[in-house]
Amino acid sequence: MAEPLRIAFIGAGNSNFGGGEGPWDHASRLEKIGDLTIVGIADLNTSRAEERLSVRRSGPVGGIYAETEIFADFRQMLDKAGPDAVFIGLPPEAHGTARPTKDIELLCAAAGVHMFIEKPVSAAPPEEVAPVAEVLAKAADAGLIISVGYMFRYSRAVAKMKEIIAETPGGVRAVVARYNCAYSEIASKVWWDIRRTGGPIVEQATHFCDLTRYVAGDADLSTVAAVAITGGEPAGRLTDIPDGPDAEPIDADIPPEFRIPRATAAVWRFANGAVGSLTHGVLLHRKKYLAELEAWGDGLRIVLSDPYGPCRLHVRYPGGEEVETLDFADDDPYLTEAEAFVEAVRTGDASAIRCTYADATKTHQLTWAIRRAAEKHT
Ligand SMILES: NC(=O)c1ccc[n+]([C@@H]2O[C@H](COP(=O)([O-])OP(=O)(O)OC[C@H]3O[C@@H](n4cnc5c(N)ncnc54)[C@H](O)[C@@H]3O)[C@@H](O)[C@H]2O)c1
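Residues numbered from 1 in each chain as written. Predicted model: local features only at pLDDT ≥ 70, side-chain atom pairs only at ≥ 80, totals over all residues. Heavy atoms only, no water.

Examining the side chain of T97
What counts is decided by this rule: Note on conventions: DSSP H or I runs of at least 4 residues are helices, E runs of at least 2 residues are strands, and numbering of each starts at the N terminus. Pairs of N or O atoms within 3.5 Å make up the polar contacts considered here, provided that, within protein, one atom can donate a hydrogen while the other can accept it, and that residues adjacent in sequence are counted only when both atoms are side-chain atoms.
Along the polypeptide, T97 turns up in the loop between β4 (85–88) and α5 (104–110). There is a polar contact of 3.1 Å between the side chain of T97 and the backbone nitrogen of R99.

Put into structure tokens, the structure is as follows:
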């Protein structure tokens, strides 16, 4: 019988172990997949990693963590723990370029370790990601499995949306993405600083920019136009930002020009002639986000609603006026995404991976094009 797959985590944060505003966490999905063992967790903050490990070891699938070792330096983990694959869940500013310390993907590729990389590929601009993409494309051609965590590509609702679009003569003509994040409880100062994350289009709306591309194909970046309300102007004043340690709003001492935009509106054309738009806000209170993607074709309107929660599709078909609602509330795209990656690593067949590194870099380019277009007007 084959040995269990050896998996390690780089980053002991929320994307890998849970917490924050949403339903993510790769460890819980891996626990469901089985026939694998977690050989290491690397995090600069080793006490955070220890805490995560202790919680998991006392959980129902604690056995897969029996051999897990904690490392401060992921390079030592690659050497000592010998993982077949890593899940990279790091702040976007910490990875995705060829610069020393941020060259994590390049070092994993050089070690022949398969990678699941959380989105976005980096906070750095596309010009700095391009050399990494070039190396990783060659590594993927040579058999390295690399998947980027745009999990909505694995959603059954999105698959159905694509199927309905494909059956509609002329296909998709317009895609409208709306994403309004609830900011009241986002207490990480880094998140509020565009210098650290690349800003909320690059870091957060990236999921929806990616979905527009998944549904309608590549964007023509030369057509991207955008405007934004910046964090430093009167219209950017928010009333419910969490307080920092000094009882001031958490972004109070970030220079105004580097505070994240509060609302961004962008339009562009896709290579296939369809038109796209994104409206993103950091404007809702408490915790629940609004996230919707709408696609129009000749006679067709489909709305993907609440993909982070009880996901539904509302469909008005060509020739009709009725709206049919399809329920996908029981779907877990994070699990499907993890299963596809693990299976690809086991078999060496990458065909079920729905977001390659090359594809993810195109989404990254679209988000940067939107950010830069909006900054022209500020
Ligand atoms: N797909 C999703 O639904 C989803 C959900 C949450 C987060 N994310 C993405 O996942 C990524 C990580 O987010 P998170 O919420 O896990 O962040 P986080 O801040 O909770 O955790 C990141 C961890 O990385 C560690 N770290 C930083 N630099 C390091 C380095 N060089 N080596 C080792 N450890 C290092 C930090 O100490 C921290 O524990 C982000 O890009 C985020 O956008 C995606």
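More follows now that the structure is in view.
Considering the environment of D240
Threshold: Contacts are assigned to residue pairs that have any heavy atoms within 4.5 Å of one another.
With respect to the helices and strands, the residue D240 is situated in the loop between β8 (219–229) and β9 (263–270). Expressed as a C-alpha distance, the spacing of D240 and S184, which sit 56 residues apart in the sequence, is 5.4 Å. Look past the residues within four positions of D240 in its chain and what remains in contact with it is Y183, S184, H285 and R286. Side chain to side chain, D240 and S184 meet in a polar contact 2.6 Å long.

A few points about the site of the ligand
Our working rule: One heavy atom suffices: a residue is near a molecule or strand as soon as one of its heavy atoms comes within 4 Å of it. Residue exposure ignores everything except the shown protein chains as possible cover, and the areas themselves are Shrake-Rupley values with a 1.4 Å probe. Each residue gets one label: Ala, Val, Leu, Ile, Met, Phe, Trp, Tyr, Cys and Pro are nonpolar, Asp, Glu, Lys and Arg are charged, and the others, such as Gly, are polar.
Around the ligand, the structure places 22 residues, and the nearest of them are D43, R48, K119, E203 and Y334. Note that an oxygen atom of the ligand is positioned 3.0 Å from one of the backbone N or O atoms of N14. A distance of 2.8 Å separates an oxygen atom of the ligand from a polar atom in the side chain of S15. When the ligand is considered free in solution it has 860 Å² of accessible area, and contact with the protein chains removes 83% of it. Among the residues making up the shell around the ligand, the classes are represented as nine nonpolar, eight polar and five charged.

Section: the packing of helix α2 (residues 26–33) against helix α11 (residues 333–347)
The condition that has to hold: What counts as an axis is a line fitted to C-alpha atoms, over the stretch in contact for a helix, and the angles between N-to-C directions run from 0 to 180 degrees. Oblique is the label for every angle not falling under 35 degrees (roughly parallel), over 145 degrees (roughly antiparallel), or within 65 to 115 degrees (roughly perpendicular). Throughout, a crossing is termed right-handed when the near helix is turned clockwise from the far one, and left-handed when it is turned anticlockwise from it by less than a right angle.
For the pair α2 and α11, the least separation of the axes is 9 Å and the interaxial angle reads 60°. One finds that α2 runs oblique with respect to α11. In this structure, the crossing between α2 and α11 has a hand that is right-handed. Every residue of α11 that contacts α2 at H26, R29, L30, K32 and I33 is listed here: Y334, L335, E337, A338, E339, V342 and R346.

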